[in-house]
Amino acid sequence: MKKIAVIYKSKYGYTQRYAQWIAEALDAQLYEHTAIKPQQLEDYDVVVYGGGLYAGGINGAKLVTKNPCKNLVMFTVGVAIPADTDYTEIVNNALTPAQQAQTKVFHLRGGISYSKLSFLHKMLMAAVKKSVEKKPEAERSTEDIGILETYGQDIDFNDRTSIMPLVEYVQNLPPQQ
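Just so you know, the residues in each chain are numbered from 1, in the order the chain's sequence is written. At least 70 in pLDDT is required for a residue's local features to be given in this predicted model, at least 80 for side-chain atom pairs to be given and counted, and no such filter applies to totals for whole chains, interfaces and linings, which use all residues. For side-chain calculations, the full set of non-hydrogen atoms in the structure is used, while hydrogens and water are omitted.

Turning our attention to the pairing of strand β2 (residues 29-32). Alignment of strand β1 (residues 4-9) against β2, held across four bridges, turns out to be parallel. For I7, the partnering residue across the bridge sits in β2 and is Y31. Remark: the β1/helix α1 (residues 14-26)/β2 crossover connection has right-handed handedness. Two strands pair under a simple rule: DSSP has to find at least two bridges between them. The secondary structure listing takes helices from DSSP runs of H or I that are at least 4 residues long and strands from runs of E that are at least 2 residues long, numbered from the N terminus. With the strands aimed away from the viewer, a crossover counts as right-handed if its path from the first strand over the helix to the second runs clockwise.

Rendered as structure tokens:
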């Protein structure tokens with residue numbers, strides 16, 4: 001039986017909810033990222049780390065990228081539709097090429113709560129909206145249209161079924177020697 005830790009850093013609750021569902025499905029220990037010490041990571045056969053996407057990075061990922069883990073699986077949570085989004089730059093910013101070769105990364109769709117956004121995040125979203133509005137309609141992506149349609153609203157796209165590929169991947173990892 002694999003000893004599994006699910007660790008997360010969540011600003012608005014979407015990543016936390018996914019982490020709770022994943023920990024439950026894997027019968028794993030659940031930690032908020034400040035509740036585990038880096039040296040404890042080596043105690044686990046598998047570490048699943050989840051962080052929200054902010055400014056081209058994965059929130060709190062340095063905990064697992066700067067400290068050794070036997071098997072690292074990551075998940076990101078953002079408002080964009082994963083199937084329509086290129087995460088290459090974000091993954092390249094978070095993981096070295098060697099880490100990328102050994103780490104499976106999953107992307108999940110969270111949500112946005114304009115009513116809970118920090119002042120800085122509200123300003124960033126306003127700037128994004130203005131940028132999208134300046135684009136000709138024919139050049140707007142699905143994500144652009146979604147931004148305009150949902151701007152200012154609280155939208156929750158968390159979907160428990162979307163964790164299944166990650167859960168199955170972890171369950172099928174071979175035991176550590």
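Now that the structure has been shown, we can carry on.
On to the nonpolar core, then. As used here, the term nonpolar core means buried Ala, Val, Leu, Ile, Met, Phe, Trp, Tyr and Cys residues forming a set that is joined through side-chain atoms within 4.5 Å. The rule is simple: take the accessible area with a 1.4 Å probe, protein chains only, and divide by the maximum for that residue type; under 20% is buried, over 50% is exposed, in between is partly exposed. Formed by 29 residues in total, the largest nonpolar core has its most connected members in I22, L26, V48, V73, F75, L166 and V170. Only β1, α1, β3 (46-54), β5 (72-78), β6 (104-109) and α7 (164-171) provide two or more residues apiece to this core. Examining the composition of this core, we find that seven residues originate from one element, α1, more than from any other. Each residue touching L26, except ones within four places of it in the same chain, is listed here: I4, V48, V167, V170 and Q171. Formed by 21 residues, the second largest nonpolar core is a distinct cluster that contains I7, I36, L72 and Y87. Two residues qualify as a contact provided that any one of their heavy atoms is within 4.5 Å of a heavy atom in the partner residue.

This paragraph deals with the packing of aromatic side chains. Stacked, tilted and edge-to-face are the three classes applied to pairs of Phe, Tyr and Trp rings, where Trp contributes its six-membered ring and a pair requires centres within 6.5 Å; stacked means planes under 30 degrees apart, edge-to-face means over 60, and tilted covers the rest. Evaluation of the coordinates by the stated rule reveals four aromatic pairs. The interplanar angle of 75° and the centroid separation of 6.1 Å between the aromatic rings of Y31 and Y44 together place this pair among those described as edge-to-face. Separated by 13 residues along the polypeptide, Y31 in strand β2 and Y44 in the loop between β2 and β3 bring together distant segments of the chain. The exposure class assigned to Y31 is buried, which follows from its relative accessible area of 13%.

As a further point, take the pattern of salt bridges. Each reported salt bridge corresponds to a side-chain nitrogen of Lys or Arg within 4 Å of a carboxyl oxygen of Asp or Glu. Scanning the entire structure with this criterion turns up four salt bridges. In this structure, E24 engages R160 in a salt bridge whose closest nitrogen and oxygen atoms are separated by 2.4 Å. In this pair, E24 is assigned in helix α1 and R160 in the loop between β8 (154-156) and α7, connecting sequence segments 136 residues apart. The residue E133 makes a salt bridge to K129 at a minimum N-O spacing of 3.1 Å.

A word on α1. For α1, with 13 residues, the first-to-last C-alpha span of 19 Å sits near the 18 Å given by 1.5 Å per residue. Looking only at α1, the buried set comprises Y14, T15, Y18, A19, W21, I22, A23 and L26. In the segment just after α1, D27 is the residue with positive phi, at about 50°. By definition here, a helix of n residues has an expected span of 1.5 Å times n minus one.

This paragraph deals with the environment of P136. Among the structural elements, P136 can be located in the loop between α5 (119-134) and α6 (142-150). As for P136 and K9, which are separated by 127 residues in sequence, their C-alpha atoms are 37 Å apart.

Moving on, we get to the environment of Y169. As for its position among the elements, Y169 is in helix α7. Judged by relative accessible area, Y169 falls into the partly exposed class, the value being 30%. As a C-alpha pair, Y169 and D84 span 85 residues in sequence and 22 Å in three-dimensional space. With residues near it in sequence (within four places) discarded, Y169 still touches V73, K104 and F106.

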